[in-house]
Amino acid sequence: MDNDVTNKQTSEQRDRTLETQDTDQVTAINLQSQMASPSEKMSKDYVKPLIAELIGTFAFVFIGAGSIVTNTLTHGAIGLLGIALALGLSLAIVITIFAATSGGHINPAVTIGFLVTRRIAPLLGILYIVAQLVGATLAGLLLRAIYPQAVWQAAQLGTTNLGPGVSFGIGVLIEAVLTFFLLLAVFGTAVDPRAPKIGGFGIGLTVLVDVLVGGPLTGASMNPARTFGPALAGGFWQNDLVYWIGPIAGAVIAALIYEYAILRPRRAGHKMA
């Protein structure tokens with residue numbers, strides 16, 4: 001009997017010791033997690049998305065503007081369709097790559113659309129725009145470095161500009177309409193939870209068809225960074241405000257319509273049901 005009692009007490013003491021060790025280990029792990037969480041949260045919420053936006057915009061502008069310079073180099077061999085394909089497909093691929101990391105905005109107008117609908121924090125939205133402009137500028141500088149000076153100057157480094165007979169006001173209107181369609185595609189394929197999971201290809205195809213229509217008129221930028229980067233790298237600032245006012249106006253209108261006329265009423269209907 002005494003041996004049984006002694007063994008039982010020893011077993012209970014051993015269990016309590018193991019429980020204490022387990023508790024200490026869990027506490028230590030939690031403390032380590034709490035100590036690491038601020039830097040991890042900063043990396044997840046800011047660093048990684050900003051790197052994604054910078055690289056994504058760099059790739060899009062390098063391919064898009066580069067196709068225009070190459071078209072000049074080859075004396076028009078690429079043509080409008082080739083440039084439209086380069087812009088649309090490069091954007092589709094970049095968005096598909098970085099959608100999980102940053103949402104794949106790749107465009108200050110898209111970020112502003114998310115800001116006015118409160119889908120991104122104000123500070124992060126501003127940092128997105130800075131990263132996009134930096135990425136676009138780096139792309140412009142690289143294009144300037146790899147093409148002969150006579151070629152990139154003749155192509156204005158792929159900077160968008162108004163076509164013959166297109167006034168400032170008409171240019172703003174065209175860019176607003178084209179960007180309106182682009183933001184509808186963004187909200188309809190990437191934001192709306194009912195959207196089919198097709199990556200960025202719905203958005204890229206919208207850019208492709210927009211370029212086919214608006215390319216000869218305004219260059220169909222739909223993206224302030226797309227114009228800003230090559231303009232800064234090459235010094236071509238003609239009608240630069242067209243490519244800020246038009247895309248931002250079109251993006252804001254489309255984002256507000258989709259958010260408050262399509263998505264919010266649907267949510268309210270589900271709540272009532």
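Counting restarts for each chain: residues are numbered from 1 in the order of the written sequence. Selection of residues for local features in this predicted model requires a pLDDT of at least 70, selection of side-chain atom pairs for listing and counting requires 80 or more, and totals for whole chains, interfaces and linings are taken over all residues. Only hydrogens and water are set aside when side-chain values are computed; all heavy atoms of the structure are taken into account.

1. Re the overall build of the protein chain
Our working definition: The numbering of helices and of strands both runs from the N terminus, where a helix is a DSSP run of H or I of at least 4 residues and a strand a run of E of at least 2. Three exposure classes are used, based on accessible area relative to the maximum for each residue type with a 1.4 Å probe and protein chains only: buried under 20%, partly exposed in between, and exposed over 50%. Note on definitions: a residue-residue contact is assigned when non-hydrogen atoms from the two residues lie within 4.5 Å. Residue-level accessible areas treat just the shown protein chains as cover; the underlying method is Shrake-Rupley with a 1.4 Å probe.
When helices and strands are tallied, the protein chain shows nine helices and zero strands. Listing each helix as α and each strand as β along the protein chain from the N terminus yields α-α-α-α-α-α-α-α-α. Put simply, the protein chain has 273 residues, and 43% of those count as buried. Excluding contacts between residues fewer than 6 apart, the proportion of contacts in the protein chain whose partners are at least 24 apart in sequence is 79%. Only carbon and sulfur atoms are counted for the fraction: they give 67% of the accessible area of the protein chain, which is about 13900 Å².

2. Side note on the pattern of salt bridges
Put simply, the rule is: Take a side-chain nitrogen of Lys or Arg and a carboxyl oxygen of Asp or Glu: if they are within 4 Å of each other, that pair is a salt bridge.
Applying the stated criterion across every chain yields a total of three salt bridges. In this structure, the salt-bridge partner of D192 is R194, at a minimum N-O distance of 2.6 Å. For R194, a relative accessible area of 47% translates into the label partly exposed. For the salt bridge of E259 with R264, the shortest nitrogen-to-oxygen distance reads 2.8 Å. When salt bridges with common partners are traced through the structure, they connect R119, E259 and R264 into a single cluster.

3. Here we look at the confidence of the model for the protein chain
Close inspection of predicted coordinates is inappropriate for parts of the model with low pLDDT. Our working rule: As a per-residue measure, pLDDT reflects the predictor's confidence and takes values from 0 up to 100.
For the protein chain, the mean per-residue pLDDT works out to 88, and 81% of the residues sit at or above 70. When the criterion is pLDDT under 50, residues 26-31 qualifies, and its contacts beyond four places in sequence or with other chains add up to zero contacts.

4. Some words on the side chain of T179
For the record, the criterion: Whenever a nitrogen or oxygen atom comes within 3.5 Å of another N or O atom, the pair is scored as a polar contact, on the condition that within protein one atom can donate a hydrogen and the other can accept it, and that pairs from neighbouring residues in sequence are kept only if both atoms are in side chains.
By the secondary structure assignment, T179 is in helix α6 (residues 168-191). A polar contact is formed between the side chain of T179 and the backbone oxygen of E175, at a distance of 2.6 Å. T179 has contacts with A109, M222, P247, G250 and A251, leaving out every residue within four places of it along the chain.

5. Side note on a nonpolar patch on the surface
In plain terms, the rule: Only residues whose relative accessible area exceeds 30% and that take part in no salt bridge are eligible for patches, with like-charged residues grouped when within 9 Å of each other and nonpolar side chains (Val, Leu, Ile, Met, Phe, Trp, Tyr) grouped when within 5 Å.
Side chains of L80, L81, L85, L89, I93, I97, F201, V209, L212 and V213 sit close together on the surface and give an oily, nonpolar patch of about 850 Å² of accessible area. Those elements that place two or more of their residues in the nonpolar patch are α2 (79-102) and α7 (201-218). Residue placement: L81 occurs in helix α2.

6. Let's talk about the packing of helix α3 (residues 108-116) against α6
This is how the line gets drawn: Between N-to-C directions, angles span 0 to 180 degrees; the directions come from axes that are lines fitted to C-alpha atoms, helices contributing only their stretch in contact. Helix crossings get a hand from a simple test, with the near helix turned counterclockwise from the far one by less than a right angle marking a left-handed crossing and a clockwise turn marking a right-handed one. When residues are sorted by character, Ala, Val, Leu, Ile, Met, Phe, Trp, Tyr, Cys and Pro go into the nonpolar class, Asp, Glu, Lys and Arg into the charged class, and all the rest, Gly among them, into the polar class.
In the contact formed by α3 and α6, the axes pass within 11 Å of each other and the chain directions differ by 60°. α6 is crossed by α3, and the crossing has right-handed handedness. Facing α3, whose interface residues are A109, V110, G113 and F114, α6 presents T179, L183, V186, F187 and V191. For the contact of α3 with α6, the residue count by class is seven nonpolar, two polar and no charged.

7. Topic: unusual backbone geometry
Non-glycine residue I106 carries a positive phi angle of around 55°. Within the secondary structure layout, I106 lies in the loop between α2 and α3. With a phi angle near 55°, N239 is a residue other than glycine that sits in the positive phi range. One can find N239 in the loop between α8 (224-234) and α9 (242-272).

8. Some words on the packing of helix α4 (residues 122-146) against α8
Counted only if it meets this: An angle counts as roughly parallel when it lies under 35 degrees, as roughly antiparallel when it exceeds 145, as roughly perpendicular when it falls between 65 and 115, and as oblique in every other case.
Here α4 crosses α8 at 45°, and the two axes come no closer than 7 Å. Comparing the axis directions of α4 and α8 gives the class oblique. The hand of the α4/α8 crossing is right-handed. Here Q132, L133, A136, T137, G140, L141 and R144 of α4 lie close against α8, whose contacting residues are A225, F228, G229, P230, L232, A233 and G234.

9. Concerning the environment of L217
Within the fold, L217 resides in helix α7. Look at L217 and you get partly exposed, because its relative accessible area is 33%. For the pair L217 and G163, spaced 54 residues apart in sequence, the C-alpha separation works out to 4.7 Å.

10. Things to note about the packing of aromatic side chains
Heads up, the rule is: Ring geometry is summarised as follows: Phe, Tyr and Trp rings, the Trp one being its six-membered ring, pair when their centres sit within 6.5 Å, and such pairs are stacked at plane angles under 30 degrees, edge-to-face over 60 and tilted between the two.
Enumeration according to the criterion identifies seven aromatic pairs in this entry. Centroid distance F180 to F181: 6.1 Å. Interplanar angle 70°. Geometry classified as edge-to-face. Given a relative accessible area of 41%, F181 falls into the partly exposed group. Through pairs of rings, three or more aromatic residues link up here, namely F114, F187 and Y258.

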